[in-house]
Amino acid sequence: MKEGLSKTFVYTMTIENQRQEVIDRIAQGKLDDAEDICREGFEETENPEFLYLLAVVKTEQKQFQEAAEYFALAIAALPDRADLAYGHGVALQALGDTKTAIEQWQRALALDPEHQDAGFNLGKGHNDLGREDDACKAYETLLAINPGHQPALYNLANLHFRNDEYDRAGDLLERLVGQNPNHLEGWINLGLTLKALGKL
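Residues numbered from 1 in each chain as written. Predicted model: local features only at pLDDT ≥ 70, side-chain atom pairs only at ≥ 80, totals over all residues. Heavy atoms only, no water.

**Q** I'm lost on the packing of helix 5 (residues 82–94) against helix 7 (residues 116–128) in this one. Help?
**A** A pair of packed helices is captured by two measures, namely the crossing angle of their axes and the spacing between those axes. The interhelical angle for the contact between helix 5 and helix 7, taken along N-to-C directions, is 30°, at an axis separation of 10 Å. Relative to helix 7, the element helix 5 lies roughly parallel. Crossing of helix 5 over helix 7 shows left-handed handedness. Taking contact as the criterion, the partners of Tyr86, Val90 and Gln93 in helix 5 are, on helix 7, Asp117, Ala118, Asn121 and Asp128. Its residues assigned to classes, the contact of helix 5 with helix 7 shows three nonpolar, two polar and two charged. (Axes fitted to C-alpha atoms, helices over the stretch in contact; angles between N-to-C directions. Helix = DSSP H or I, 4+ residues; strand = E, 2+ residues; numbered from the N terminus. Parallel < 35°, antiparallel > 145°, perpendicular 65-115°, else oblique. Left-handed = near helix turned anticlockwise from the far one by under 90°. Contact = heavy atoms within 4.5 Å. Nonpolar A, V, L, I, M, F, W, Y, C, P; charged D, E, K, R; others polar.)

**Q** Looking at this model, I keep getting lost on the pattern of salt bridges. Mind explaining?
**A** Charged atoms that come close allow side chains of opposite charge to pair. Evaluated as defined, the whole model comprises eight salt bridges. Here Glu66 and Lys58 are joined by a salt bridge, their closest N and O atoms 3.7 Å apart. Its relative accessible area of 30% is what places Glu66 among the partly exposed residues. The salt bridge partner of Asp83 is Arg81, with a shortest N-O separation of 2.9 Å. Within this structure, Arg19, Glu49, Arg81 and Asp83 form a network of salt bridges that share partners. (Salt bridge = Lys/Arg side-chain N within 4 Å of Asp/Glu carboxyl O. Buried < 20%, exposed > 50% of the residue type's maximum accessible area, 1.4 Å probe, protein only.)

**Q** Help me understand the environment of Pro113, please; the structure alone is not making it clear to me.
**A** Mapped onto the elements, Pro113 comes out in the loop between helix 6 (98–111) and helix 7. Taking the C-alpha atoms as reference, Pro113 lies 9.0 Å from Ile145; in sequence the two are 32 residues apart.

**Q** Where do I start with the nonpolar core in this structure?
**A** If you look at soluble globular proteins, the nonpolar side chains tend to sit buried side by side. With 34 residues, the main nonpolar core has Val22 and Trp105 as its most contacted residues. Those elements giving two or more residues to this core turn out to be helix 1 (3–27), helix 2 (31–45), helix 3 (49–60), helix 4 (64–77), helix 5, helix 6 and helix 7. The biggest single contributor to this core is helix 3, with seven residues. Apart from the residues lying within four places of it in its own chain, the contact partners of Trp105 are Ala85, Tyr86, Gly89, Val90, Gln93, Ala118, Asn121, Leu122 and Gly125. With 16 residues, the next largest nonpolar core counts Leu142, Leu143, Ala152 and Leu156 among its residues. (Core = buried A, V, L, I, M, F, W, Y, C linked by side-chain atoms within 4.5 Å.)

**Q** How do you make sense of the packing of aromatic side chains when you look at a structure like this?
**A** Summed over the entire model, instances satisfying the criterion amount to three aromatic pairs. Considering the side-chain rings of Tyr52 and Phe71, the 6.1 Å spacing of their centres and the 55° angle between planes classify their relative orientation as tilted. Note that Tyr52 is positioned in helix 3 and Phe71 in helix 4, a separation of 19 residues in sequence. The same class applies to Tyr52 and to Phe71, which are both buried. (Phe/Tyr/Trp six-rings, centres within 6.5 Å; stacked < 30°, edge-to-face > 60°.)

**Q** Would you take a moment to explain unusual backbone geometry for this structure?
**A** Peptide bonds are, in most cases, trans, and in most cases residues other than glycine have a negative phi. In the Ramachandran plot, Lys62 falls in the positive-phi region, its phi being about 65° despite a non-glycine side chain. With respect to the secondary-structure elements, Lys62 resides in the loop between helix 3 and helix 4. For Lys62, a relative accessible area of 62% gives the class exposed. You will see that Asp164, though not glycine, has its phi angle at about 60°, which is positive. Summarising the element assignment, Asp164 is placed in the loop between helix 9 (150–162) and helix 10 (166–179).

**Q** Is there a simple way to explain helix 4 in this structure?
**A** Residues three or four positions apart in an α-helix share a direction because the helix packs 3.6 residues into each turn. The terminal C-alpha atoms of helix 4, which comprises 14 residues, lie 20 Å apart, in line with the 20 Å expected from a rise of 1.5 Å per residue. Of all the positions in helix 4, only Ala67, Ala68, Tyr70, Phe71, Ala74 and Ile75 are classed as buried. Seen end-on, helix 4 carries its buried residues on one side only, within an arc spanning 170°. On its buried face, helix 4 is in contact with helix 2, helix 3, helix 5 and helix 6. (Expected span 1.5 Å × (residues − 1). Arc of directions from axis to C-beta.)

Geometry only, nothing functional implied.
Structure, rendered in structure tokens:
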């Protein structure tokens, strides 16, 4: 192997090893250790992956302003990463900026139309802003990708129930409890829906 290629291979493996260490520390709840690895990794390599990982750590630490800033820096260097746009949206929503968070989730979905977390949060974000039609469209798009997405089934059913669309709400709730017989809220809402339809 040529020397240049060998150095590149070792460099890449080192970054991947550090990345895995960060993930392991986060899973263990050792967030300060994870942050140290990110900072040291970026100082050594200037690889923007460490900015992304640092943003994730800051999100876990609930330091959302710093998280949003690191996500923005990472996105500037890695603009084609859907996971970065999604994470940026999460941090922005936590800061109360749901409108901009929605823009980031839309960006994530433009990059990866099957990003289910972005699709779900997009629906929830629209709902939080009172945009019920947009919320319904987001949940329906997600359910077209994953018909068994239980939180989307539940939230979409609730939207239809609020708009007196009881047949549609009932269909969704029956799908939900059919997939998860232990979904207590689903059973309760299904009962209310059937009562509204005069079937109880």
